[in-house]
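Each chain, written out:
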Amino acid sequence: MALFRRRRSPESDSAVTIDAFWAAWPELRTALASAVDAGEPVPEQAAARLTELVQRIHPALGWDVGRAPEPAEPGPAGLDAPLDADPEDLLRQLAEQDEAVGGPAPDYALTLRPGPDDEARVLSERWSRAAPGEPEWVFRPAVPADHRALTGGLDWNGHELDLSHATVELRVDQRRGRVDAGVYHPDFMFLPEEDRAGVAEHVVLLAVGEDDRVRAVGEVRPLVDKPLDPLPPTAVPSVVEQLTGGSGGSWVSFRARVPLRGVIEVQARHPLRRRDFPAFTLLARVELAYTDTDDERQPTAEAAAEMDAFSQRLQRVAGGDGALFGQETSAGKRRLYLYLDPEAGVMGPLEEAARQWPHGASVGSSMDPDWRFIGALTQPIRRQR
């Protein structure tokens, strides 16, 4: 019987199909691993069964199975933390790195492919989070970037191509927040138009991965003429990073004067994209009282710094199962809006931590899978941009 890393609530609509997948997993893994080891397609019966289980989770999902990626070199450069991160966070990440390095690297990878469907991406994330802890396997909710594959050969419908000869031209559309990519390969002149388009799409997917393909890449077109200023496909991620500000985005603010409440200040992540936080559908509202105010009933610098530090503490409690999306400050109250994975069991610890605020706090929660609340809160910000 599989041991799951996280418990899921019985009322979850996706729990039944995800449970069914992992209950059937032991009957599939041997056939999948053998196919990878032999370098052959998955046997028809196993492939049909896997497809059936995956599409029960969501009909838009596809799957891939293959070798697990080689682990990255360990070291401080790989830490996912800002320069001013809390020392406890840095120690925790170092401990996680040490633990990962101490165990054997997985041999196989099973990857779901949600494509552009955001609902499918939410469910693939839940599938990945519910995966059993198997040292030989890694379970990925979307196709990641694979720059190593961009240096090797590709068999596309019987056509052999060396992807190290592929180059791209990029056009950045700031208004749409999209990068349009043209992909050139000298062998395109010998390929049918449909195969050119398929290879071009494949090159971009290897360059940025499935999530950034949906987030930030617009039109992808094959080029039969070499670009005037060609770039390697591995340059695409840096352009996407500059355009989007990374998966966390940036923070923007909005101030207005509201009758009876005085000045209200709203701060929020922008842009907010479903692909950045696919499993976070539970809205947690944390209201913190403050008494040290200025003439506009906004917190003094000392009070604001105290609340900022406390909100960072709440984020650490949520960990990878939640994120602060926005906050609203007015009339002696700061309201923090966090979105959480409802099946991770983090709401209880978050509520307990919030109630330790010394000046008085209240906590509430509600399901908001479409992010309607934060969308309404940030509408004035989006109008300004």
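Note that the structure is predicted; figures quoted are calculated from it, not measured. Residue positions are given per chain, counted from 1 along the sequence in the order it is written. Local features in this predicted model are restricted to residues of pLDDT 70 or higher, and side-chain atom pairs are both shown and tallied only at a pLDDT of 80 or more, whereas totals for entire chains, interfaces and linings draw on every residue. The basis for every side-chain value is the complete set of heavy atoms in the structure, and neither hydrogens nor water enter the calculation.

J.: So what exactly am I meant to see when it comes to helix H9 (residues 347-354) here?
T.: Two residues of an α-helix separated by three or four positions point the same way, owing to the 3.6 residues in each turn. Remark: exposure states derive from per-residue accessible area (1.4 Å probe, protein chains only) relative to the maximum for the residue type, with buried under 20%, exposed over 50%, and partly exposed in between. Numbered from the N terminus, helices here are DSSP runs of H or I no shorter than four residues, and strands are runs of E no shorter than two. Met-347, Leu-350, Ala-353 and Ala-354 are the residues of H9 that are buried. One side of H9 holds all its buried residues, which, seen down the axis, span an arc of 130°. Any two residues whose heavy atoms approach within 4.5 Å at even a single point are treated as in contact. Buried residues along H9 sit against strand S11 (282-289), helix H8 (301-318), strand S13 (333-340) and strand S14 (361-367). Along the arc lie the directions from the helix axis toward the C-beta atoms.

J.: Just checking my understanding: could you explain the sheet that holds strand S6 (residues 167-173) for this structure?
T.: Whenever strands of a sheet pair, they do so through backbone hydrogen bonds, lying parallel or antiparallel. Taken in spatial order, the 3 strands make up an open sheet running S6-S7-S8, and their pairing is mixed. Of all the strands in the sheet, the pair left with one neighbour each is S6 and strand S8 (217-223). Averaged over all adjacent pairs, the angle separating strand axes in this sheet is 15°, with direction ignored. Strands qualify as paired when DSSP identifies two bridges or more between them. Pairing geometry for strand S7 (residues 178-184) and S8, over 5 bridges, is parallel. Bridge pairing in S8 places Val-179 opposite Val-217. Here an axis means a line fitted to C-alpha atoms, over the contact stretch when the element is a helix, while the angle between two N-to-C directions is reported on a 0 to 180 degree scale. Lying on the sheet, helix H6 (residues 193-216) is in contact with S7 and S8; it crosses S8 at an angle near 165°. Running over the sheet, helix H7 (residues 236-244) touches S6, S7 and S8 and is turned about 10° from S6.

J.: Looking at this structure, how should I read the nonpolar core?
T.: Within soluble globular proteins, side chains that are nonpolar generally end up buried alongside one another. Buried residues of nine kinds, namely Ala, Val, Leu, Ile, Met, Phe, Trp, Tyr and Cys, make up a nonpolar core once their side-chain atoms join them within 4.5 Å. Phe-21, Trp-22 and Trp-25 are the most contacted members of the largest nonpolar core, which has 29 residues in total. Within the residue set of this core, elements represented by two or more residues are helix H1 (15-24), helix H2 (29-38), helix H3 (44-57), strand S2 (108-113), helix H5 (118-129) and strand S3 (137-140). Sorting elements by how many residues they give to this core places H3 first, with 6 residues. If you look at the next biggest cluster of nonpolar residues, it comprises 24 residues, including Leu-150, Val-217, Val-236 and Val-240.

J.: Which parts of the structure should I look at to understand the packing of H6 against H7?
T.: When two helices pack together, their arrangement is given by the angle between their axes and by how far apart the axes lie. As a packed pair, H6 and H7 sit with axes 11 Å apart at the nearest point and diverge in direction by 35°. The handedness of the crossing between H6 and H7 is left-handed. Together, Ala-207, Val-208, Asp-212 and Ala-216 of H6 and Val-236, Pro-237, Val-240, Leu-243 and Thr-244 of H7 make up the contact between the two elements. All residues other than Ala, Val, Leu, Ile, Met, Phe, Trp, Tyr, Cys, Pro, Asp, Glu, Lys and Arg, Gly among them, are scored as polar; the first ten of these are nonpolar and the last four charged. Here the residues of the contact of H6 with H7 sort into 7 nonpolar, 1 polar and 1 charged. Here is the rule for handedness: rotate from the far helix to the near one, and if that takes an anticlockwise turn smaller than a right angle the crossing is left-handed, while a clockwise turn gives right-handed.

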